[in-house]
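Observations on chain architecture
What follows is the residue order along each chain.
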Amino acid sequence: MSASKRDELVAKAQDIFYREGFHATGMDRLVAETGISKTSMYNHFRTKEDLILATLQHRHNELHAQLMARTEELAKTPKERILASFDSLKEWIESGEFRSCMFIKASSEYQDPKHPIHIAAAEHKRSGLRYLAALAKAAGASKPEVLATQLMLLKEGAIVVAHLEGHAGMIEAAKAAAHTLVETAVAGS
């Protein structure tokens, strides 16, 4: 399988896993929906879990780049970017493609913290936390890691509630709370 075919398979599998779940999606379903033979699939991915890991890495690269780029388009200063990160999150939730967080789903289906899929999902979240901590530090927060953790909790909670309630209204509430946290953290430095 060529690199472009592999990328195509990973992208298609990502869509299927995101829509249907990881355990609920069997290899026969993947073969039927991707149009890739089972032999070709197994030639490139020894197991379904290897394919899941590839889709998680693809999704991480795609989503992280998309949300960061959009955040940076919306705001210029680190302080503004912290709040704009909630706007880019809202756009994603309202995009029509939102089906909760693929990484929350993965960690829910693979709950053992030592499982490679759980580890990949947790690393995605840590990556977002590092981004927020860097913004908080650049904005002059007195305790950037604490602020980043608080912001991450707001974002993750808003994602879950938006998924459960079917709308992005929680993002505005989370952004308002974030504004208060940022003002307090920056004023206290």
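Refer to the structure printed above.
The rules behind the values
Here the residue index of a chain counts from 1 through its sequence in written order. Only residues with pLDDT of 70 or above have their local features reported here, since the model is predicted, and side-chain atom pairs are shown and tallied only from 80 upward, although totals for entire chains, interfaces and linings are computed over all residues. Only heavy atoms go into the side-chain values, all of them from the structure, while hydrogens and water stay out. The secondary structure listing takes helices from DSSP runs of H or I that are at least 4 residues long and strands from runs of E that are at least 2 residues long, numbered from the N terminus. Buried, partly exposed and exposed residues are distinguished by accessible area as a fraction of the type maximum, computed with a 1.4 Å probe on protein chains only: under 20%, between the cut-offs, and over 50%, respectively. We define the nonpolar core as a collection of buried residues of types Ala, Val, Leu, Ile, Met, Phe, Trp, Tyr and Cys that are connected through side-chain atoms lying within 4.5 Å of one another.

Things to note about unusual backbone geometry
- A positive phi angle, close to 70°, is found at Ser100, a residue other than glycine.
- Here Ser100 lies in the loop between α5 (78–93) and α6 (102–109).
- The class for Ser100 is buried, based on a relative accessible area of 5%.

Quick look at the nonpolar core
- Judged by nonpolar contacts, the single largest core of 51 residues is most densely connected at Phe17, Phe22, Leu30, Leu51, Leu56, Trp92 and Leu151.
- Those elements giving two or more residues to this core turn out to be α1 (3–20), α2 (27–34), α4 (48–74), α5, α6, α7 (116–139), α8 (144–165) and α9 (169–187).
- If you tally residues by element for this core, the top one is α7, at eight residues.

Looking at the environment of Lys12
- Turning to its location among the elements, Lys12 is positioned in helix α1.
- The class for Lys12 is partly exposed, based on a relative accessible area of 30%.
- Along the sequence, Lys12 and Leu30 sit 18 residues apart, while their C-alpha atoms lie 8.5 Å from each other.

Digging into the environment of Ile52
- Turning to its location among the elements, Ile52 is positioned in helix α4.
- Residue Ile52 is classed as buried on the basis of its relative accessible area, which comes to 0%.
- Residues Ile52 and Val146, spaced 94 residues apart in sequence, show a C-alpha to C-alpha distance of 32 Å.

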